[in-house]
Amino acid sequence: MKILVLNCGSSSLKFQLIETSPDQIAANQDQQLAAGAIAKIGGADSTIAFEAGGAKTKDAYAVLTHKDAIAEAFKLLEGSGAAKLDDVEGVGHRVVHGGEHFTESAIIDDDTVRRIVAASDLAPLHNPHNLKGYYAAKALLPKATHVAVFDTSFHQTMPPEAYIYAIPYLYYTRDKIRRYGFHGTSHRYVSYRFAYLHTATRGHYKLITCHLGNGCSVCAIRYGKSVDTSMGLTPVEGLIMGTRPGDLDPGAVMYMVGRAEMGLHEVDVTLNKFSGLYGISGTSNDMRDLLDEAGKGNARAQLAIDAFCYRVKKYIGAYFAALDGADAVVFTGGIGENAAPVREKICQSLGSLGIRVDAAKNQAAIGVEREISEDAAPTKVWVIPTDEELLIARDTLRVILKIPHP
Ligand code: ADP
């Protein structure tokens with residue numbers, strides 16, 4: 001079945017056309033037929049990148065609305081011969097927040113739309129744009145089945161003691177303030193892959209998955225179910241990220257507002273855009289730059305890397321406790337897949353947890369699926385590149401065919 005995967009952000013659209021079927025999933029033989037990205041939607045200099053059948057194009061012209069962007073994507077797909085639109089039977093939409101209702105991916109009907117709108121208060125920068133993508137795609141592909149795949153739904157198996165904040169309970173019951181977690185599609189994908197690579201199902205393993213990209217989160221997965229994750233009500237909590245601080249004493253925020261006389265908007269921008277690796281180093285949010293700079297003796301870049309790794313290490317320790325031991329730690333995301341020195345530093349002196357990384361295997365594992373632990377180490381360490389689009393396509397197929405998750 002041909003599935004179109006759409007990821008609609010505030011000013012961007014990423015899309016992929018994927019051919020998949022139950023047999024292809026079982027053999028890991030799904031096929032990516034085309035992929036594209038339209039950025040700076042709404043400006044005069046939007047960029048349009050597209051790839052199909054080995055041919056790549058890059059263009060720049062004005063794409064004014066999300067509807068125009070989706071029409072443009074469809075034109076590119078048809079023009080390349082990758083698919084006639086009538087052949088597309090399913091459209092998988094990435095939706096950031098599913099609130100407490102969605103515990104798995106769902107066909108988008110009026111009720112689903114109403115619930116995504118209701119969860120928009122919790123993700124005002126994302127859910128409305130995800131819905132714009134749905135409306136535009138639905139208008140162009142009315143016969144296809146549209147499916148929502150949520151970033152949050154995988155974490156709905158967290159027990160109350162993991163998701164509750166210790167503030168007056170009314171804020172949970174009335175305002176739904178609790179920990180939700182994000183990156184669920186990525187954590188779920190690498191846990192499937194880990195099991196697949198061990199010719200078993202996810203039900204066999206306790207895993208700690210570390211998604212380290214621009215946004216970063218760790219997840220504790222017990223026998224296929226998320227039991228804790230480091231992001232919370234919003235993606236600001238948890239690990240140090242490119243531009244977000246992760247865990248921070250709320251008193252520091254009060255101090256910023258009270259003593260430093262910052263407005264709420266300034267605090268919000270500071271915590272989302274100017275903190276994290278960028279905030280500490282003062283130079284870059286990009287781990288490649290920081291590794292370079294640290295190599296040249298830049299102490300602030302080194303501090304940013306040290307603090308980043310130390311935070312991940314602490315979460316790994318915490319999730320060992322939460323899971324009462326783990327079979328493996330899995331690294332994914334741009335940093336997790338590529339930055340061997342960062343993985344090495346995180347795993348240093350975790351021998352008491354059975355984690356021992358083999359230096360040569362680690363150095364060689366750049367952007368590939370590979371075990372990097374010493375052969376005799378009791379806790380395995382793996383690098384598994386994530387593929388959220390593929391999981392969205394597979395989920396869409398499964399929802400359409402009513403096939404339960406493995
Ligand atoms: P996003 O969260 O936006 O999807 P990515 O998963 O692409 O981001 O991760 C981006 C991060 O990955 C950046 O910090 C980038 O520096 C880092 N990264 C990518 N390749 C490498 C590399 N070869 N070495 C170190 N860091 C890398």
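Note: the structure precedes this text.
Residues numbered from 1 in each chain as written. Predicted model: local features only at pLDDT ≥ 70, side-chain atom pairs only at ≥ 80, totals over all residues. Heavy atoms only, no water.

*Asks:* Give a description of the nonpolar core that names residues and reports values.
*Replies:* Within the largest apolar cluster, 44 residues are counted, with the highest numbers of intra-cluster contacts made by Ile208, Cys210, Leu212, Phe308 and Ile316. For this core, the secondary structure elements donating two or more residues are β9 (206-212), β10 (216-222), α11 (287-295), α12 (299-323), β12 (328-332), α14 (340-347) and β14 (380-383). Here this core takes 11 residues from α12, the largest share from any one element. When residues no more than four places from it in sequence are discounted, the contact partners of leucine 212 are Leu239, Phe308, Val312, Phe331, Thr332, Gly333, Gly334, Ile335, Gly336 and Ile346. (Core = buried A, V, L, I, M, F, W, Y, C linked by side-chain atoms within 4.5 Å. Buried < 20%, exposed > 50% of the residue type's maximum accessible area, 1.4 Å probe, protein only. Helix = DSSP H or I, 4+ residues; strand = E, 2+ residues; numbered from the N terminus. Contact = heavy atoms within 4.5 Å.)

*Asks:* An account of helix α4 (residues 127-140) is needed here, citing residue identities and associated values.
*Replies:* In a regular helix each residue adds 1.5 Å, so 14 residues correspond to 20 Å; α4 covers 20 Å between its end C-alpha atoms and thus fits that length. Those residues of α4 not exposed but buried are Asn127, His129, Asn130, Leu131, Gly133, Tyr134, Ala136 and Ala137. On its buried side, α4 packs onto β1 (2-8), α2 (66-79), β6 (88-95), α3 (110-118) and β8 (145-150). (Expected span 1.5 Å × (residues − 1).)

*Asks:* Give me the sheet that holds β8: which residues, what numbers.
*Replies:* Whenever strands of a sheet pair, they do so through backbone hydrogen bonds, lying parallel or antiparallel. With mixed pairing, the 8 strands of this open sheet are ordered in space as β5-β4-β3-β2-β1-β6-β8-β7. Either end of the sheet is taken by a strand with one partner, and the two such strands are β5 (55-60) and β7 (106-107). Relative to β6, β1 runs parallel, the two sharing 5 bridges. Within β6, the residue paired with leucine 4 across the bridge is valine 91. This element, helix α16 (residues 388-401), spans β1, β2 (13-19), β6, β7 and β8 of the sheet and lies at about 125° to β6. (Pairing = 2+ DSSP bridges. Axes fitted to C-alpha atoms, helices over the stretch in contact; angles between N-to-C directions.)

*Asks:* Can you explain the site of the ligand? Please cite residues and give values.
*Replies:* If you check the shell around the ligand, you find Gly213, Asn214, Gly215, Asn285, Asp286, Met287, Arg288, Gly333, Gly334, Ile335, Asn338 and Ala339 and nothing else. Glycine 334 is positioned such that a nitrogen or oxygen atom in its backbone is 2.9 Å from an oxygen atom of the ligand. Contact between the ligand and isoleucine 335: an oxygen atom at 3.2 Å from a main-chain N or O atom of the residue. Taking 580 Å² as the accessible area of the ligand by itself, protein coverage stands at 67%. (Near = heavy atom within 4 Å. Polar contact = N/O pair within 3.5 Å; in protein donor to acceptor, adjacent residues only side chain to side chain. Areas by Shrake-Rupley, 256 points an atom, 1.4 Å probe, with all protein chains shown as cover.)

*Asks:* If you had to explain a negative patch on the surface to someone new, which residues and values would you point to?
*Replies:* On the surface, Glu78, Asp86, Asp87 and Glu89 cluster together into a patch of negative charge. With respect to the element layout, aspartate 86 can be found in the loop between α2 and β6. (Patch = residues over 30% accessible without salt bridge, like charges linked within 9 Å, V, L, I, M, F, W, Y side chains within 5 Å. Salt bridge = Lys/Arg side-chain N within 4 Å of Asp/Glu carboxyl O. Lys, Arg positive; Asp, Glu negative; His and termini not counted. Charge placed at Lys NZ, Arg CZ, Asp CG, Glu CD.)

*Asks:* Describe the pattern of salt bridges, naming the residues involved and giving the relevant values.
*Replies:* A side chain of one charge can pair with a side chain of the opposite charge if their charged atoms are brought near each other. On inspection of all chains with the given rule, the structure shows 21 salt bridges. Here lysine 2 and glutamate 19 are joined by a salt bridge, their closest N and O atoms 3.7 Å apart. Residue lysine 2 is found in strand β1, and its partner glutamate 19 is found in strand β2; the two are separated by 17 residues along the sequence. A salt bridge links lysine 40 to aspartate 45; its shortest N-O distance comes to 3.7 Å. Among the residues examined, aspartate 45 registers a relative accessible area of 43% and is labelled partly exposed.

*Asks:* Now, about the side chain of serine 191: what can you tell me, with residues and values included?
*Replies:* Take serine 191: it is sitting in helix α7 (residues 184-197). Residues contacting serine 191, with those up to four places away along its chain left out, are Arg202, Leu207 and Ile221.

*Asks:* How would you summarise the pairing of β10 if you had to cite specific residues and measurements?
*Replies:* For β10, the tally of buried residues reaches 6 of 7 residues, placing the bulk of the element in the interior. Sheet analysis places β9 next to β10, joined by 7 bridges and oriented antiparallel. Residue pairing for β10: cysteine 210 is matched across the bridge by valine 218. Hairpin connection, β9 to β10: the antiparallel pair is bridged by 3 residues. In this structure, β10 lies alongside strand β11 (residues 225-229), joined through 4 bridges in antiparallel fashion.

*Asks:* Any details on the sheet that holds β12? Residues and values, ideally.
*Replies:* Taken in spatial order, the 6 strands make up an open sheet running β11-β10-β9-β12-β14-β13, and their pairing is mixed. With partners counted over all chains shown, the strands left at the sheet margins are β11 and β13 (370-371), one partner each. Taken together, the 4 bridges between β12 and β14 define a ladder with parallel strand orientation. Across the sheet, the residue bridging to valine 330 is tryptophan 382, located in β14.

*Asks:* Could you give an account of unusual backbone geometry, naming the residues involved and the relevant values?
*Replies:* A positive phi is found at asparagine 28, a non-glycine position, where the angle reads about 55°. Along the chain, asparagine 28 turns up in the loop between α1 (22-26) and β3 (31-39). By relative accessible area, which is 27% here, asparagine 28 ends up partly exposed. The backbone of lysine 176 sits at a positive phi, close to 60°, despite the residue not being glycine. Position of lysine 176 relative to the elements: it lies in the loop between α6 (170-173) and α7.

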